[in-house]
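# A look at the structure
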Amino acid sequence: MKIMVAVKQVAFLDDEFEIRDDGRDVGEDFFEKDLNEFDHFSVEQAMLIKEAAGGDAEVVIVIVGDEDADDALRTALAKGADRGIRVWDDALAEADGIAVAKVLAKLVEREKPDMVFTGAQSADFGSAVTGMALAGFLGWPHAAVVSNLDYASGARTATLRRELEGGLEEIMTIRCPAVLSIQLGINQPRYASLRGIKQAKQKPVDELSLDDLGLSAAEVAPASRVRRMYAPERGKAELITGSAAEQAARLAEIIKELRGM
Amino acid sequence: MANNRPAKYDILFEPIKIGPKTMKNRFHQSPHCIGAGSDKPGFQAAHRAVKAEGGWGAVNTEYCSIHPESDDTMRVSARIWDAGDVHNLRAMTDAVHKFDCLAGIELWYGGAHAPNMETRQTPRGPSQFASEFETMTYCHEMDHADIKQVQQYYVDAALRARDAGFDMVNVYGGHAYGPLQWLNAYYNRRTDKYGGSVENRGRFWVETLEKVKNAVGDDCAIASRFAIDTLYGSSGVEVEEDGLKMIKMADDLVDVWDINVGDIAQWGEDAGPSRFYRQGHQLPWQKFVKQHSKKPVLGVGRFTDPEKMAEVIRNGELDIISCARPSISDPFMPQKIKEGRLDDIRTCIGCNVCISRWEIGGPPMICTQNATSGEEYRRSWHPEKFEKAKSKDTILVIGAGPAGSEAARVLMERGYVTHLVDSAEKVGGHLNDITTLPGLGEWGYHRDYREVQLEKLVKKNRDSQLALGAKRLTADAVLSYGADKVIIATGSSWSGTGVNALTHDPIPGVDARKPNHVTPEQIFAGDKKIGKRVVLLNADPYFMGPSLAEMLAAKGHDVTVIDGVGFGRYMHFTLEAPNMHRRLHELHIDVIGDSWVSKVEEGRVEYYNVWGEGSRREYRGPGVLPREENRSHKWVEYDTLVLVTGRQSDDSLFRDLKARKDEWAKNDIKGVYVIGDAWAPKILADSTFDGHRIAREIEDANPQLPLPYKREVSVWGTAYQPGGEHKQEWRI
């Protein structure tokens, strides 16, 4: 019995940031990186299934990313997952959800898991496409935005609840193996212990290239391309303080400024 | 990193000329007590210098006695009586001057308010009166020769101050001291040229300033602290009457005015606790001075927000922001504002625990927010700089309350991999409840500072973790957690059975499992309905009883307090007592003092006067009280009984782990320690100190117990006075 959990390292903006010279992304120095929030829930869900099976299930964490992404992978491993796989190739530098899904599909073929989890979406780009695209490539049953899951290790079906528009929920039974994208709040993710963090550093992580997976750079060319990233202009407000005379003076200044005087 | 300081704060960093001196910016550390005086020169120098380093443009001593005739023992003032004091205070001015900061001294003559318990001299004043502050002390009414002599004390002290390296001398007429006693007709009942009209009552002050200015005015800036309104209406000094007249009379003689309000008997109107006063609370009085003076004006008001500070200067209310408490809480506040690091400011919470130590008389100052305050010299703790970790040990801190969050913060500042775990979703522990009590919202700055810093530090410290909302850790979970060292900071709880400081026993009939008996925690949780008639049993001397009584009475409950320890007794020291008593009165809260509870029945409490036993003591054999039995018992009815009787440590996790010490080694645990309320219930400042202290000393042989600190005591074999004799001599 094996559960594969695909995770992502996401970027958070600092309070102050600058756009890269090519205008297509924020400069690397203005990011803080961390494991995608949704993935804490998908990893936890896998761990709960493993623990309910008395440990008789393997949880494999997979990530597409460069060396930096090791931190996110180890964060997931520190919670008790068994091993990791990290896939990287410079050709993946601008990979979108579709390209990542293609890589993940190859990993599924290689690992043959009984269940695949992804987060419902990533906290930084929020496309919510990777999990369902993966299911599409695999031709597997799938369910998105899963908020409740009843699944025992090795079972042939799972019963789940997912969130729909307008506050509706649906309950469905799904044939396994399947790809499920996991919603926030499905469980209460655990924190890693110091032992977990120490052990995670020793856990096996396979580092694979596109070659290893039999993929060419052309096959993972992104289906979309960011043309420009920018901060939209915002309206300005200013609190004018001081004595009545000072306030009037500042107001006159602003009016002159706006009228270009 | 770019400086994010908004341009509107630039005004705080404009230099300002004060007589012969120039302050580099508008941050003035007001004179305030620390318990160092001139007797602990290392403490004095290090405490003031760390503020100079932190960017203050001027720092001051505490009130500094000009002559043995003004001796405040047991309270600790500085003294500049002789060459020995000059030598010791020189340590401060030298240390402060290293940071382009002015050093100021506040020249204090207390008159009747100084009890002279060490020097045994007789204080002098404008008229003879018994001090309303030190009710055992009367002063001797000065004649004209006395006036000249006391004014000469000021001059001689100013000259010594100059020799000690001070840049500013402050003729202290705040808090009902010195020349203010002359101006204030409440004290001054004279009929000669020093009494009667405001010109006459102000004469002592004007003459003293003239003499001091003539003596040192070329070398030192002359300041004068002036309580411009003593807040008793026409029975005292009022700002728009005597206050402004005095400003005009003396304006040519000062280089800067230092303006506050109030007196000494209720000086919480000046050093206003956050329970009652927001920042800038004295401005409605202070702001008049700039309209009538040609000189720069500075003043206090627990200014913590640069937005307010800049506004006050822009509005022409003050020229210089003076801070005592905010400078204690964050000695680096000016530098942090300068660098635009506003979220790094450790904001004063206005609890006045710093002041409480002076009021108690003797102990060194402490600060709830800043555990390094007062520890600069004796423990070598810098508020912003930390010794790098001395080992690779990983640390688990359990409990993110005041003690645990401070321990984790300092451990991470030092570079230790630290996990801070709490079952609550928020940092702060019981402080999150306390801040919901009337007037105590600002105490939440204690939590906020740590929350912000922990979030920053956990990102910088690889493998560290802030685990909030986590499962409660059992001893098994701690043993297998993988930490090298474990710090338990699990706090304390209020007794649910009425265990108290008077009997050390539960109160018969008290049981917080009943729906109508509630502990403070149960009130905060809000699960129990509170009835109309509340009886609050109080055996805790600090804020919890009065706060809950106020909260419940304000909500419409009829509150009766049965108190056995002095209701809000410690709040006298924090200057919260006068207005707290006014609140109790306004809310018709009935306090039955000097009483305790013998038993509780359904709907009624039996209590007795604690002095109700016979006064005559005699041996009456075993099992028999050696006095007449207490027969003062009475009953009072309640719908809800509130239990503020005592606290007990929540230390079961610590004790479980201690009991399994033989399992530590095989789990690679080097030590398990307990801090804060879990060690023994204590005030917030001491819990915070515990957390800070263990983090500074975590690699030592036994971090549970503090290292010895550097003591400053006089060394036998040396005379304090240069050229003096230390040996015993008889005058025979």
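Along each chain, residue indices are assigned from 1 in the same order as the chain's sequence is written. Chains carry letters and ligands carry numbers; both start at the beginning, A for chains and 1 for ligands, and go up in the order they are written. This being a predicted model, a pLDDT of at least 70 is required before a residue's local features are given, and a value of 80 or more before pairs of side-chain atoms are given or counted; all residues contribute to the totals for chains, interfaces and linings. Hydrogen atoms and water are omitted, and side-chain values are computed over all heavy atoms in the structure.

### Things to note about the nonpolar core
All names here are of chain B.
- Formed by 79 residues in total, the largest nonpolar core has its most connected members in L12, I80 and F226.
- Per-element tally for this core: the top contributor is helix 3 (residues 144-163), with eight residues.
- In what follows, residue pairs with any heavy atoms lying within 4.5 Å of each other are defined as contacts. Excluding its chain neighbours within four sequence positions, the residues that come into contact with I80 are C64, S65, I66, D85, V86, L89, I105, L107, A157, R160, A161 and A164. Among buried residues, the Ala, Val, Leu, Ile, Met, Phe, Trp, Tyr and Cys ones that are joined through side-chain atoms within 4.5 Å form a nonpolar core. Buried, partly exposed and exposed residues are distinguished by accessible area as a fraction of the type maximum, computed with a 1.4 Å probe on protein chains only: under 20%, between the cut-offs, and over 50%, respectively. Comment: elements are numbered from the N terminus, with helices defined as DSSP H or I runs of at least four residues and strands as E runs of at least two.

### So, the sheet that holds strand 15 (residues 417-421) of chain B
Residue and element names in this part refer to chain B.
- One bridge is not enough; two strands pair if DSSP finds at least two bridges between them. On the basis of which strands lie adjacent, the open sheet formed by five strands has the order 16-15-14-17-28 and parallel pairing. Taken across any chain shown, the strands that pair with only one partner, and hence form the sheet edges, are strand 16 (465-467) and strand 28 (671-674). Averaged over neighbouring strand pairs, the angle between their axes works out to 15° when direction is ignored.
- Inspection of the sheet shows strand 14 (residues 394-398) paired to strand 15 by five bridges, in the parallel sense. The residue of strand 15 that forms the bridge with I395 is T418.
- Contacting strand 14, strand 17 (485-488) and strand 28, helix 21 (residues 652-659) crosses the sheet at an angle of about 150° to strand 28. Angles run from 0 to 180 degrees between N-to-C directions of axes, and those axes are lines fitted to C-alpha atoms, restricted for helices to the stretch in contact.

### Concerning the pairing of strand 11 (residues 256-261) of chain B
All names here are of chain B.
- When you tally the buried positions in strand 11, you get six out of six residues, the bulk of the element.
- The side-chain alternation of strand 11 yields two buried faces, one formed by V256, D258 and N260 and the other by W257, I259 and V261.
- Two strands pair when backbone bridges link them, and strand 10 (residues 221-229) and strand 11 are joined in this way by six bridges, in the parallel orientation. Residue pairing across strands places S224 opposite W257, the latter belonging to strand 11.

### Details of the packing of helix 1 (residues 41-53) of chain B against helix 2 (residues 83-97) of chain B
Residue and element names in this part refer to chain B.
- Packing of helix 1 against helix 2 brings their axes to within 8 Å, and their N-to-C directions diverge by 20°. It follows that helix 1 is roughly parallel to helix 2 by the angle criterion. Crossing hand, helix 1 versus helix 2: right-handed. Here P41, Q44, A45, R48, A49 and A52 of helix 1 lie close against helix 2, whose contacting residues are N88, L89, A91, M92, A95 and V96.
- When residues are grouped by polarity, Ala, Val, Leu, Ile, Met, Phe, Trp, Tyr, Cys and Pro land in nonpolar, Asp, Glu, Lys and Arg in charged, and all others, Gly among them, in polar. Across the contact of helix 1 with helix 2, the residue classes break down as nine nonpolar, two polar and one charged. Our angle categories are set so that under 35 degrees counts as roughly parallel, over 145 as roughly antiparallel, 65 to 115 as roughly perpendicular, and the remainder as oblique. Two helices crossing with the near one rotated counterclockwise from the far one by less than a right angle form a left-handed crossing, whereas a clockwise rotation gives a right-handed crossing.

### Digging into the pattern of salt bridges
Residues and elements named next belong to chain B.
- Only one rule defines a salt bridge in this text: a Lys or Arg side-chain nitrogen within 4 Å of an Asp or Glu carboxyl oxygen. Under the counting rule described, the total for this entry stands at 85 salt bridges over all chains.
- Where R620 meets E628, a salt bridge forms, and the shortest distance between an N and an O atom there is 3.2 Å.
- Residue class for R620 comes out partly exposed when judged on its relative accessible area of 31%.
- E629 is paired through a salt bridge with R631; the nearest N and O atoms lie 4.0 Å apart.

### Notes on the state of the cysteines
Residues and elements named next belong to chain B.
- The rule for a disulfide is simple: a pair of cysteine sulfur atoms within 2.5 Å. Under the definition given, this model contains zero disulfides over all chains.
- Unpaired in this structure, C64 has its nearest cysteine sulfur neighbour in C33, at a distance of 11 Å.
- The thiol sulfur of C348 is not disulfide-bonded, and the nearest other cysteine sulfur, from C354, lies at 6.6 Å.

Nothing here speaks to function; it is geometry throughout.
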